[in-house]
Structures are given as structure tokens and as C-alpha cells.
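Chain by chain, the residues:
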Amino acid sequence: MKRRFFAKNIGLATMSSILGAKIVQGNFMPEGYTPLGLQDQDPFSLFDKNKEMVVLNDKPWNIEAKAHLLDDAITPNKNMFIRNNGKLPVNIDADSWKITFNGESVVQEKSFSLNDLKKQFKQYTYQLTLECGGNGRAEFNPPAKGNQWTVGAVHCAKWTGVRLKDVLQAVGIKDDAVYIGYHAADVHLSGNPEKEPISRGVPIAKALQDETLLAFKMNGEDIPLAHGFPLRLVCGGWPASTSGKWLTEISVRNIVHDGAKMTGTAYRVPCKPVAPGAKVKDEDMCIIESMPVKSLITYPKTGAMLKKEQSLTIRGHAWAGELEVAKMEYSIDFGATWKLCKLNKPSNRLAWQHFSAMVDFPETGYYEVWAKATDTNGVSQPMLLPGWNPKGYLNNACHRIAVKIG
Ligand SMILES: Nc1nc2c(c(=O)[nH]1)N[C@H]1C(S)=C(S)[C@@H](COP(=O)(O)O)O[C@H]1N2
Ligand SMILES: [Mo]
């Protein structure tokens with residue numbers, strides 16, 4: 001893969017912070033010059049990621065985890081997938097960062113500095129599941145364009161920030177508010193400043209939930225650059241595209257937000273099931289809201305070899321969008337019969353739930369372990385593939401691993 005550094009004309013301060021040292025003679029550096037220390041940087045050291053992560057695209061950066069990298073109860077930065085639609089913002093200065101609240105349905109436009117937010121509002125910490133709507137896209141047939149995510153575009157980190165609802169209350173919103181939309185500092189791939197890479201949002205009811213945060217910390221530290229430093233919206237349980245990174249504006253709308261990637265087939269699925277490959281009219285597409293029930297076996301790694309007589313404790317996580325997971329099962333006979341797993345409660349609403357099970361294998365040979373979660377509405381994961389849709393969203397099929405007992 002050809003790796004070129006992501007931005008040529010970034011400022012000295014940003015370069016220094018990426019290099020981890022002051023560029024002492026920086027004022028003498030020719031304009032547009034990329035210091036050697038920043039040339040051909042590999043994304044793993046650039047973003048502090050595990051070397052086992054998989055780079056799906058470098059323009060923009062899209063990097064996914066493997067199932068076994070998501071074994072931790074709280075996902076550490078090094079194993080968190082990155083999904084960018086545009087170029088990373090440059091020259092970020094947290095001290096002068098501000099966020100503006102505007103739109104048809106604010107009583108009056110109002111801005112806060114990051115420091116205002118921290119000082120004026122109570123801070124909360126929640127562990128939140130963020131899964132890309134396109135996670136699992138690689139399995140759909142006919143295939144959908146876009147990043148071919150397999151299973152690793154999900155994470156559950158701890159986010160600290162202020163409640164969006166507290167800030168919206170301080171701003172004042174009108175009775176006709178139906179949606180909020182975010183705007184951010186990242187740059188469209190074309191470089192055109194008039195175009196936004198992405199500007200999505202959520203209905204006002206989701207915006208007003210306790211767990212919807214304007215976050216400035218992730219796992220107790222400043223949010224890493226790739227994940228939205230210095231300020232990001234987090235809407236747990238919804239497609240992660242609603243969790244705007246590098247947040248500069250929240251527009252309170254009296255219509256469904258119509259920003260970039262809110263219309264057409266983007267983050268929408270047919271309102272009613274369609275045949276694979278079907279053309280679907282715009283008006284028959286519905287915006288994805290809460291994500292469907294899903295789970296992931298994070299131990300062992302697929303392909304594990306075990307000695308006979310060994311029983312194996314499998315483990316992983318399960319989540320269900322706005323709902324909780326009520327039941328977790330596994331099968332070693334391709335879904336013919338299922339046994340219960342031990343399932344923990346989430347650490348808070350909208351956090352994934354840990355599961356484990358001790359599995360006994362009757363004889364030596366090849367097995368598959370399949371895992372299936374059921375939500376509190378009684379809806380279970382499909383075994384192989386859910387309904388096809390043009391953009392390959394919402395693949396919540398059972399996760400399957402291969403093990404050899406020998
Ligand atoms: N400003 C901005 N916010 C964004 C995006 C983006 O490209 N720009 N990508 C969205 C999408 S599609 C996803 S899946 C998540 C990914 O979050 P992560 O990179 O922190 O894992 O961020 C969302 N927020
Ligand atoms: Mo996404």
C-alpha cells in the first residue's frame with residue numbers, strides 16, 4: 001500500500017504534536033515541506049493502533065479491528081476501528097475550540113468554548129457501543145460499494161463529557177425542534193471547503209437522552225485525533241455515523257436534518273424487505289435508527305487448535321442498539337441446537353454486555369462455534385445474513401469461529 005502523509009500544509013504545532021517533539025528550527029523549514037519524521041508514516045504508529053488492525057483504505061483512513069482484538073471489556077484506543085469520510089482536520093487548538101448552536105429551532109444562536117462546556121455543565125461518563133452502520137458489509141451479495149468491513153467496525157469505549165440535553169436547555173430550543181444535525185472540522189476529500197464530508201444527526205428525542213454526550217474524553221484521556229479530538233458527539237446504540245467527530249456546530253432543525261449523507265441511500269435501508277440487487281426508490285428508503293441485536297466471539301481466535309478432552313471457555317460481547325440483550329446462546333452444530341451462555345448486565349445503558357460459556361466437544365475434529373444474541377423484544381440475530389440492502393448496512397448475522405480439536 002502506498003502511504004503518503006495525510007496533509008501537506010499542516011502547521012508547525014500540529015507537526016510537533018504528531019512527532020512528539022518540538023521542531024526546534026521549524027521556522028526555517030521550507031513551506032509545504034514534510035519533515036522526514038512524518039513522511040511515509042505507517043497508520044499504526046500514526047494513530048497508535050495495534051499492528052494486527054486491518055487498513056481498508058488510506059484516503060480517507062479506514063481501519064478495522066479483528067474480533068479477537070475486541071476482547072477487552074472496555075475497548076482501548078489501540079484496538080478501536082477508525083472510520084473517516086474526509087480528511088482529518090489540521091491545526092486543532094483545543095484552547096480556542098468552540099461549538100456553535102444554531103438552526104431554525106434554537107431560541108437564539110449561542111457558542112461555547114470547550115472550556116465553557118467543561119466549567120458550566122455537569123460531566124458524565126458512560127461506556128457506549130458505537131458500531132458503523134456498514135459493519136459486516138463484506139458479506140452481502142450482490143456486493144455493496146464502500147469499505148468492506150467484516151466484523152471489526154464496533155467499539156465500546158468510555159466517553160466523558162457533558163449531556164447534550166443540558167447544553168440544549170441552556171441554549172433554548174423551540175417547540176418545533178424535530179432533529180439535530182452536526183457539523184465538523186474535517187475536510188471533504190475534494191479539498192473543497194464548501195463541501196462537507198459528512199453531516200448527520202438524530203431525532204430530538206435521541207439528542208435529549210441522558211447518554212447522548214458532547215464528549216471530550218475517551219477512556220479517561222483526551223480523545224485521540226482520529227476519534228474526534230477535541231470534541232465529539234456520542235450517540236450510543238445508533239449507527240456510529242451519528243456520532244460526529246471534531247464537532248464545531250450543532251444545528252437544531254425543524255425538519256429532518258438534510259446534511260451530507262442524510263439523503264438517498266446513505267445510511268438508509270429499504271423500509272420493507274427487497275430482493276437482493278433490487279433498485280429501491282428514494283422514497284422507499286428509511287433512515288437507520290437504533291442498531292440491531294448483535295454479538296461477537298472475542299476468544300478464542302477463529303482457527304484455534306485445541307487438544308482433545310480440553311473444554312473451552314468462549315467469551316465475547318453482545319449489544320442491541322437502544323435495547324438490552326436478554327439472552328445469549330451458542331451452537332456447535334451449525335445452528336441445529338443452542339445452549340445458553342452466561343450473560344452479564346451492561347455497565348450502563350447502551351454499553352455492550354459480556355458473555356461466556358464453557359463448551360465441550362464430543363470428539364476430535366473440526367467444529368464451528370456460532371453465537372446468537374436475542375434482545376428484550378425477543379428478536380434474535382439471523383444465522384447467516386439479514387435482508388439485502390443497496391449499501392450493505394446492518395449485517396447482524398451470527399458471528400462464527402472455526403476450532404479444531406485434535
Ligand atoms: N466529522 C466526522 N464525524 C464522523 C465521521 C466522519 O467522517 N467525520 N465518520 C462517522 C462514521 S461513518 C463512523 S462509523 C464513526 C466512526 O468513529 P471512530 O472513527 O471513532 O471509530 O464516526 C462518525 N463520525
Ligand atoms: Mo460508519
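Model, not experiment: these values are computed from the prediction.

A look at the side chain of Asn84
Here is step 1: Mapped onto the fold, Asn84 is located in the loop between strand 3 (82-83) and strand 4 (98-102).
Here is step 2: For Asn84, a relative accessible area of 3% puts it in the buried group.
Here is step 3: A distance of 2.9 Å separates polar atoms of two side chains, one belonging to Asn84 and the other to Lys245.
Here is step 4: Residues contacting Asn84, with those up to four places away along its chain left out, are Pro60, Trp61, Asn62, Ala226, Lys245 and Trp246.

Quick notes on the layout of surface pockets
Here is step 1: Here the largest pocket is characterised by a volume of approximately 660 Å³.
Here is step 2: As for the largest pocket, its lining consists of 23 residues, of which Ile223, Pro224, Leu225, Ala226 and Phe229 are closest to the centre.
Here is step 3: At the level of elements, helix 1 (12-19), helix 2 (43-46) and strand 11 (221-222) are the ones that each hand at least two residues to the lining of the largest pocket.
Here is step 4: The greatest single-element share of the lining of the largest pocket, amounting to four residues, is contributed by helix 1.
Here is step 5: For the lining of the largest pocket, the per-class residue count stands at 14 nonpolar, six polar and three charged.
Here is step 6: Residues lining the lining of the largest pocket come from more than one domain, with at least three contributed by each of domain 1 (12-60) and domain 2 (77-287).

Some details on unusual backbone geometry
Negative phi values dominate among residues other than glycine, just as trans dominates among peptide bonds.
Here is step 1: Residue Pro60 follows Lys59 across a cis peptide bond; omega there is 5 degrees.
Here is step 2: Structurally, Pro60 can be placed in the loop between strand 1 (54-58) and strand 2 (61-64).
Here is step 3: With an omega of -5 degrees, the peptide bond running from Asn141 to Pro142 counts as cis.
Here is step 4: Relative to the helices and strands, Pro142 resides in the loop between strand 6 (123-131) and strand 7 (154-163).
Here is step 5: The phi torsion at Asp48 lies on the positive side, around 60 degrees, for a residue other than glycine.
Here is step 6: Secondary-structure assignment places Asp48 in the loop between helix 2 and strand 1.

Regarding the pattern of salt bridges
Here is step 1: Scanning the entire structure with this criterion turns up 13 salt bridges.
Here is step 2: In this structure, Glu104 engages Arg253 in a salt bridge whose closest nitrogen and oxygen atoms are separated by 2.9 Å. Linking Glu104 in the loop between strand 4 and strand 5 (110-113) with Arg253 in strand 13 (residues 247-253), this pair joins segments that are 149 residues apart in sequence.
Here is step 3: With a closest N to O distance of 3.7 Å, Asp210 and Arg163 form a salt bridge. Taken together, the positions of Asp210 in the loop between helix 5 (204-207) and strand 10 (213-218) and Arg163 in strand 7 put the pair 47 residues apart, joining distant regions of the chain.
Here is step 4: Linked by salt bridges that have partners in common, Lys206, Glu211, Glu322 and Arg349 make up one network.

A closer look at the site of ligand 1
Here is step 1: As a matter of local geometry, ligand 1 sits amid 20 residues, with Asn85, Asp186, His227, Arg232 and Lys245 nearest to it.
Here is step 2: Here an oxygen atom of ligand 1 sits 2.6 Å away from a polar atom, N or O, in the side chain of His227.
Here is step 3: Arg232 places a side-chain nitrogen or oxygen 2.7 Å from an oxygen atom of ligand 1.
Here is step 4: Coverage of ligand 1 by the protein amounts to 100% of the 530 Å² it exposes when considered alone.
Here is step 5: One can see that ligand 1 is located within the largest cavity.
Here is step 6: Those elements giving two or more residues to the shell around ligand 1 turn out to be strand 3 and strand 8 (179-184).

Some thoughts on the sheet that holds strand 1
Here is step 1: The strand order 1-2-3 describes an open sheet built from three strands, whose pairing is antiparallel. One side of each edge strand has no neighbouring strand; the edge strands of this open sheet are strand 1 and strand 3.
Here is step 2: As defined by bridge partners, strand 2 adjoins strand 3 across two bridges and the pair is classed as antiparallel. Opposite Asn62, over in strand 3, you have Arg83 as the bridge partner.

Regarding the sheet that holds strand 9 (residues 201-203)
Here is step 1: The five strands lie next to each other as 5-4-13-8-9, forming an open sheet whose pairing is mixed. Where the open sheet ends on each side, the last strands, each with one partner, are strand 5 and strand 9. Along the sheet, successive strands turn relative to each other by an average axial angle of 15 degrees, direction set aside.
Here is step 2: Relative to strand 13, strand 8 runs antiparallel, the two being bridged by six bridges.

Here's the deal with the domain arrangement of the protein
Interface size, as often reported, equals the accessible area lost upon joining of the parts.
Here is step 1: Examined at the domain level, the protein breaks down into domain 1 (12-60), domain 2 (77-287) and domain 3 (294-405).
Here is step 2: Here domain 2 and domain 3 have C-alpha centroids that lie 29 Å from each other.
Here is step 3: Summed over both partners, the interface of domain 2 with domain 3 comes to about 2700 Å²; 57% of that surface belongs to carbon and sulfur atoms.
Here is step 4: On the domain 2 side of the interface with domain 3, the three residues burying the most area are Gln127, Glu139 and Phe140, jointly 22% of the side's total.
Here is step 5: For the pair domain 2 and domain 3, the number of links is four salt bridges.
Here is step 6: Here Glu131 makes a salt bridge to Lys294, at a shortest N to O gap of 2.8 Å.
Here is step 7: On inspection of domain 2 and its partner domain 3, the count reaches 18 residue pairs in polar contact (both at pLDDT 80 or more).
Here is step 8: When residues of the side of domain 2 that touches domain 3 are traced back to their parent elements, those giving at least two are strand 6, strand 7 and strand 14 (268-270).
Here is step 9: A total of five residues in the side of domain 2 that touches domain 3 trace back to one element, the largest contributor, which is strand 6.
Here is step 10: When the residues that make up the side of domain 2 that touches domain 3 are grouped by side-chain class, the tally is 19 nonpolar, 13 polar and seven charged.

Parameters and conventions
Residues numbered from 1 in each chain as written. Chains lettered and ligands numbered in written order. Predicted model: local features only at pLDDT ≥ 70, side-chain atom pairs only at ≥ 80, totals over all residues. Heavy atoms only, no water. Helix = DSSP H or I, 4+ residues; strand = E, 2+ residues; numbered from the N terminus. Buried < 20%, exposed > 50% of the residue type's maximum accessible area, 1.4 Å probe, protein only. Polar contact = N/O pair within 3.5 Å; in protein donor to acceptor, adjacent residues only side chain to side chain. Contact = heavy atoms within 4.5 Å. 1 Å grid on protein atoms, 1.4 Å probe; cavity = no way out; pocket = protein on both sides within 12 Å on 5 of 7 lines; lining within 4 Å. Points joined across faces, edges and corners; volume = space filled by probe spheres on them. Nonpolar A, V, L, I, M, F, W, Y, C, P; charged D, E, K, R; others polar. Domains from an automatic or database assignment. Salt bridge = Lys/Arg side-chain N within 4 Å of Asp/Glu carboxyl O. Near = heavy atom within 4 Å. Areas by Shrake-Rupley, 256 points an atom, 1.4 Å probe, with all protein chains shown as cover. Sits in = over half its atoms within 2 Å of the grid points. Pairing = 2+ DSSP bridges. Axes fitted to C-alpha atoms, helices over the stretch in contact; angles between N-to-C directions. Buried area = accessible area lost by both parts, 1.4 Å probe.

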